[in-house]
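# Analysis of the macromolecular model
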Amino acid sequence: MPMLRIVLPVMLCCFMTLNTIAQKKSNAPSIQKVRVEWEIITNQANGKSGFQSAFTFTNTGKSDLPATGWSLYFNMARAIRPESVGGDMVIENINGDLFKLRPGAAFKGLKPGQSVKVPFVGSDWVINFTDAPAGLFWVLDQDASKGFTVADYRIIPATQLKQIQRNADDKYGFTTPADIYKQNSRIQDLPVESLTKIFPLPNSYKETGGTFALSNIKAIYADASFAKEANFLAEKLIQLLGEKPRVSAGKPDTIGGIQIIKTDLASEAYEIDMNAEQITLKAGDAAGAFYAIQSLLSLVPADAYNHKKPGSAVIPVVAVKDAPRFGFRAFMLDVGRNFHSKEEVLRVLDLMAYFKLNVFHLHFHEDEGWRIEMPSLPELTSIGARRGFPIDENKQLMPSFASGPDNNSPGTGYYTKADFIEILRYANDRHIRVIPEIESPGHARAAVVSMKARYERLMKEGKKEAAEEFMLHDPNDKSEYRSVQGWRDNVMNPANPGVYRFFARVFDDFIALYKEAGAPLNAIHLGGDEVPNGAWEKSPMAQDLIAKVPTLNETYDLWYYYYGKLNELLKARGLVSYGWEEAGMRKTKLDGKTHWIPNPDFARDTFMVDVWNNMLGWGAEDLAYRLANAGYEVVLSPVSNVYLDMSYYKNFDEPGYYWGGFVDLDKPWQFIPYDYYRNARKDKHNNDLPASFFEHKERLTEYGKKNIMGVQGLLWSETLTSPEKMEYMLLPKLFGVAERAWSADPAWTSEAEPMAGTAYWADWSNFVNRIGKLELPRLGYRVGKFNYRIPTPGLVVENGAAKANIQLPGFTLRYTTNGKEPNADSKVYTGAITEKAVIKVKAFDVWGRSGRTAEVNNQ
């Protein structure tokens, strides 16, 4: 049996949280000579639910590690059971995902060369390096105000099935090159000439014969209402023509060039008519004209940007008629957990324009950060946008999500007023509207802590009225709860009138920002998910309000009170309420048990919801359709298909979360919006679902279809601490989201077995060939170079020969037989390799970047 494995690549170091930042010698204590290692032991500790892992501390220095006087802080997204900690150490949870490890009474210290293993048991499971403790730093008792980033931290890769097998139902082991080869086995390598050149796939596309020389473009003639779009095109053509073509209003005075005319086409629709001498773009509005321009630029091949003679390239003559399937085509970026710079956001907006996505859902507020400057509430960013050590939350938030002890990590940062206005204008110029999300009342710790610090400062100054004006908590609240992310104080108190004054102020600040930017604002997202059980139960403010308001019968009714008040504040300002699915649900009883139904009160209003929970096996697989059938405007955001932060597949070295399953490029592309039961074949453990699984689930009605506003891809940033990591998880998955949001369902979706027949594989082959041969090569020229994920080759030995394939045809496969890693000079794979050797294969893109190495022993 040949041995197959995926080799941990050098690039993985950009994902693993390996803290190798050396301290200055003058500040480096001897504890920096302690090497820290972490490993998974098993995911079923003592045969029960819960993982066991271990730290190993090794003293590599010349002096003793003392038995006391130091501690190690770290972040980990799992609850650790204190009683399980070994090695004579103690681990305690500070709050959220922040833990402190310190020596126990029996610890004797470490002499040079000695090691100690510290096993511990935690909740759930861990299977890849993303689960590892992160953001490690030492603190010495003699100066407890300073943290020293651990200089030598190593994550030991898992190699045994027991290390990644979550429970008895988890029968799917490591993803091998042979598995990948099988997945790719029915993908055809198609000639470029046969591929549709426009992305996303248009409604009607025909290459009519002949070509158009870019050198024919001397001028752009545009309807006056499309002047901005015409200038956008002219700027883009400089790169191809060597100069900016003239832009004129009205009809062309000579034959040749590009004409953009206004017609009676529907909003966002467009047409392209061409011959060998002239291009005519037709649209009914500016957005349609912009998408026509994007499609025209899609006709330009990547090699046109490398021509020595500007304008010498040609494009095919085409006839195109196109319009989007959904009017709401969204991408959500979380900048609350970890901050992404203005420059990176602008790159994302360019990418969205390329994909014809038109809604940027900016998740800017979370437990771990508030990221937009509010001129009237400076504490939100002076405190709520900073994470660091020491823990003094009158000055900054505590470390979380690997932010470490300093303020120079992605845990710290925000958009100034000028930054945000620039983002709004940049988006508006690309026909993208920005919807800000103020996560609340849960997931709101950054705001709660910031306003609590404001309250305490003003109270000390004797300004009680000012202190209470925007207070979000109840100072006497003794409620006990723990959020999904481990926080014990992250919920706004809906009984405090300061909450509604706060939102009124923030709403008005946003209205002013959008007005100054000249950008439209018609909705604000209010969050609404994952308020933990126990919140408000022991709040005197909450219980007093329940006693006074006749419609409040129990603590949970405060939820409806809260959203009702916020909805009225937004309606008074001409804005629409938007939230997560929980905001549209109401708790009731059925046969004496808790039962959730769509809340009829909010359904009567214009209330839009993102529905993420279609988790297979959790019982709410039909929630999106239930809410749409009940009258809610629904944005389909299912974790199983469009949560882009989910890991591509199951391997220790593949980054990302996986609680919602694994999401590769195929998952968003397979999504069938009006009947997503048909694209659900596997549970989160990759086991086949029984044919009867959806029998009693609610189907989407014709009425409900009218309430499906669109599709949204979502990228959460708990683990995305650099632009490279963000781009890796984003691309190429976003191609699948864009295609499903814009293009009609392909023919295979109506088949009895929609993902099993020849029509599916033909369409999938066409899609991946378009991405690999057309879109990714020209992306670097049209938008900029991105750190997109390069697929790992499939690799198998059959009849004594090694065979390789790739998910995205168009990448170059290179291999070695001498034990060395393939590089840009290695042999190109063109067919079966018969050499008897350890064979290593790696995929390379047109820019020379490479992905992971697949390896097989063919000896």
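Description of the structure in this document.

## Some remarks on empty space enclosed by the protein
- Counted by the stated rule, this structure contains 6 cavities of 30 Å³ or more.
- Roughly 50 Å³ of volume is contained in the second largest cavity.
- In terms of lining, the second largest cavity is formed by L214, I217, L233, L237, I258, I279, L296, L297, V300 and I315.
- Looking at the lining of the second largest cavity, the elements that each hand over two or more residues are α3 (227-241) and α4 (286-298).

## Looking at the sheet that holds strand β16 (residues 278-283)
- Read across the open sheet, the 7 strands follow the order β11-β17-β15-β16-β14-β12-β13; overall the sheet is mixed. Sheet topology places β11 (204-213) and β13 (246-249) at the edges, where each strand pairs with a single neighbour. Pairs of neighbouring strands in the sheet enclose a mean axial angle of 20 degrees, with direction left out of account.
- Here 4 bridges tie strand β12 (residues 219-222) to β13, and the two strands are oriented parallel to one another. Bridging from a neighbouring strand, I220 pairs with V247 of β13.

## Looking at the nonpolar core
- Grouped together as the largest cluster of nonpolar side chains are 165 residues, with contacts concentrated most on F331, F360, F502 and F510.
- It is helix α10 (residues 497-517) that provides the largest number of residues to this core, a total of 11 residues.
- Setting aside residues no more than four positions away along its own chain, F331 makes contact with V348, M352, L357, V359, F360, H361, L644, Q712, G713, L715, L730 and L734.
- Counting residues in hydrophobic clusters, the runner-up holds 44 residues, among them F226, L281, V318 and W742.

## Thoughts on helix α7 (residues 417-429)
- With 13 residues, α7 should cover 18 Å at 1.5 Å per step; its first-to-last C-alpha distance of 18 Å lies within 8% of that length.
- Next to the buried residues of α7 lie α5 (342-355), β19 (359-363), β22 (433-440) and α10.
- Count one or two residues on from α7 and you reach H431, which has phi positive near 60 degrees.

## Some words on the pattern of salt bridges
- What the rule picks out here adds up to 55 salt bridges.
- K650 is the salt-bridge partner of D170, the closest N and O atoms lying 2.8 Å from each other. Taken as a pair, D170 in the loop between α1 (161-164) and α2 (177-184) and K650 in the loop between α15 (639-642) and α16 (666-670) lie far apart in primary sequence, 480 residues in all.
- Using a relative accessible area of 0% as the deciding quantity, one classes D170 as buried.
- A salt bridge links E393 to R445, with the nearest nitrogen and oxygen atoms 2.5 Å apart.

## Observations concerning the packing of aromatic side chains
- Going through the model one piece at a time under the given rule, you end up with 64 aromatic pairs.
- Here F328 and Y578 contribute two aromatic rings whose centre-to-centre distance is 6.2 Å and whose plane-to-plane angle is 85 degrees, an arrangement assigned as edge-to-face. You can see F328 sitting in strand β18 (residues 328-334) and its partner Y578 sitting in strand β24 (residues 576-580), a full 250 residues away along the chain. By the burial criterion, F328 is buried, and Y578 matches it.

## Side note on the side chain of H443
- Following the sequence through the fold, H443 ends up in the loop between β22 and α8 (445-460).
- Not counting residues within four places of it along the chain, the set of residues in contact with H443 comprises R337, H365, E366, D367, Q485, N490, D529 and E530.

## Comments concerning the packing of α3 against α4
- Between α3 and α4, the shortest axis-to-axis distance is 9 Å and the interhelical angle comes to 15 degrees. Comparing the axis directions of α3 and α4 gives the class roughly parallel. The chirality of how α3 crosses α4 is right-handed. Of the residues in α4, those touching α3 at E229, A230, F232, L233, K236 and L237 are A286, A289, F290, I293, Q294, L296 and L297.
- Residue composition of the contact of α3 with α4, by class: 10 nonpolar, 1 polar and 2 charged.

## Concerning unusual backbone geometry
- Of note, the bond from F199 into P200 is cis; its omega dihedral lies within 30 degrees of zero at -10 degrees.
- Its place among the elements puts P200 in the loop between α2 and β11.
- Here the bond from L731 into P732 is cis, since omega is 10 degrees, no more than 30 degrees from zero.
- Topologically, P732 is positioned in the loop between α18 (723-730) and α19 (733-742).

## Section: the packing of α19 against helix α20 (residues 758-782)
- Between α19 and α20, the least distance of the axes is 11 Å, while the angle of their chain directions is 115 degrees. In terms of orientation, α19 lies roughly perpendicular with respect to α20. In terms of crossing hand, the pair formed by α19 and α20 is right-handed. Contact residues: F735, G736 and E739 in α19; F767, R770, I771, E775 and L776 in α20.
- Classifying every residue of the contact of α19 with α20 gives 4 nonpolar, 1 polar and 3 charged.

## Looking at the side chain of S53
- Locating S53 in the fold gives a position in strand β3 (residues 51-59).
- Polar side-chain contacts of S53 include one of 2.9 Å to the side chain of W38.

## With respect to the sheet that holds strand β5 (residues 89-95)
- Pairing is antiparallel across the open sheet formed by 5 strands, whose spatial order is β5-β6-β4-β8-β9. Each having just a single partner strand, β5 and β9 (148-149) make up the two edges of the open sheet.
- Relative to β9, strand β8 (residues 134-140) is paired through 2 bridges, and the arrangement is antiparallel. Within β9, the position partnered with W138 by the bridge is F148.

## Notes on the layout of surface pockets
- Roughly 1,300 Å³ of volume is contained in the second largest pocket.
- Lining the second largest pocket are 42 residues; nearest its centre among them are Q183, D666, K667, Q670 and N686.
- Contributions of two or more residues to the lining of the second largest pocket are made by α2, α15, α16 and α20.
- By residue number, the principal contributor to the lining of the second largest pocket is α2, which donates 5 residues.
- Grouping the constituent residues of the lining of the second largest pocket by class yields 16 nonpolar, 13 polar and 13 charged.

## Concerning the environment of W580
- Relative to the elements of secondary structure, W580 occurs in strand β24.
- Classification of W580 as buried rests on a relative accessible area of 0%.
- Between the alpha carbons of W580 and V634 there is a distance of 9.7 Å; along the sequence they are 54 residues apart.
- Side chain to side chain, W580 and E437 meet in a polar contact 2.7 Å long.

## Examining α18
- Of all 8 residues making up α18, 6 are buried, and the element is well covered by its neighbours.
- Taken as a whole, α18 has its buried residues at K725, M726, E727, Y728, M729 and L730.
- For α18, the elements touching its buried residues are β18, α5, β29 (708-715), α19 and β35 (850-857).

## Looking at the pairing of β18
- Among the 7 residues of β18, 7 are classified as buried, and the element is accordingly described as predominantly covered.
- Judged by which residues are buried, β18 turns out to be covered on both faces: F328, A330, M332 and D334 on one side and R329, F331 and L333 on the other are all buried.
- Two elements, β18 and β29, share 6 bridges in a ladder whose sense is parallel. Its bridge partner being in β29, A330 is matched across the sheet by Q712.

Procedures and definitions
- Residues numbered from 1 in each chain as written.
- Predicted model: local features only at pLDDT ≥ 70, side-chain atom pairs only at ≥ 80, totals over all residues.
- Heavy atoms only, no water.
- 1 Å grid on protein atoms, 1.4 Å probe; cavity = no way out; pocket = protein on both sides within 12 Å on 5 of 7 lines; lining within 4 Å.
- Points joined across faces, edges and corners; volume = space filled by probe spheres on them.
- Helix = DSSP H or I, 4+ residues; strand = E, 2+ residues; numbered from the N terminus.
- Pairing = 2+ DSSP bridges.
- Axes fitted to C-alpha atoms, helices over the stretch in contact; angles between N-to-C directions.
- Core = buried A, V, L, I, M, F, W, Y, C linked by side-chain atoms within 4.5 Å.
- Buried < 20%, exposed > 50% of the residue type's maximum accessible area, 1.4 Å probe, protein only.
- Contact = heavy atoms within 4.5 Å.
- Expected span 1.5 Å × (residues − 1).
- Salt bridge = Lys/Arg side-chain N within 4 Å of Asp/Glu carboxyl O.
- Phe/Tyr/Trp six-rings, centres within 6.5 Å; stacked < 30°, edge-to-face > 60°.
- Parallel < 35°, antiparallel > 145°, perpendicular 65-115°, else oblique.
- Left-handed = near helix turned anticlockwise from the far one by under 90°.
- Nonpolar A, V, L, I, M, F, W, Y, C, P; charged D, E, K, R; others polar.
- Polar contact = N/O pair within 3.5 Å; in protein donor to acceptor, adjacent residues only side chain to side chain.

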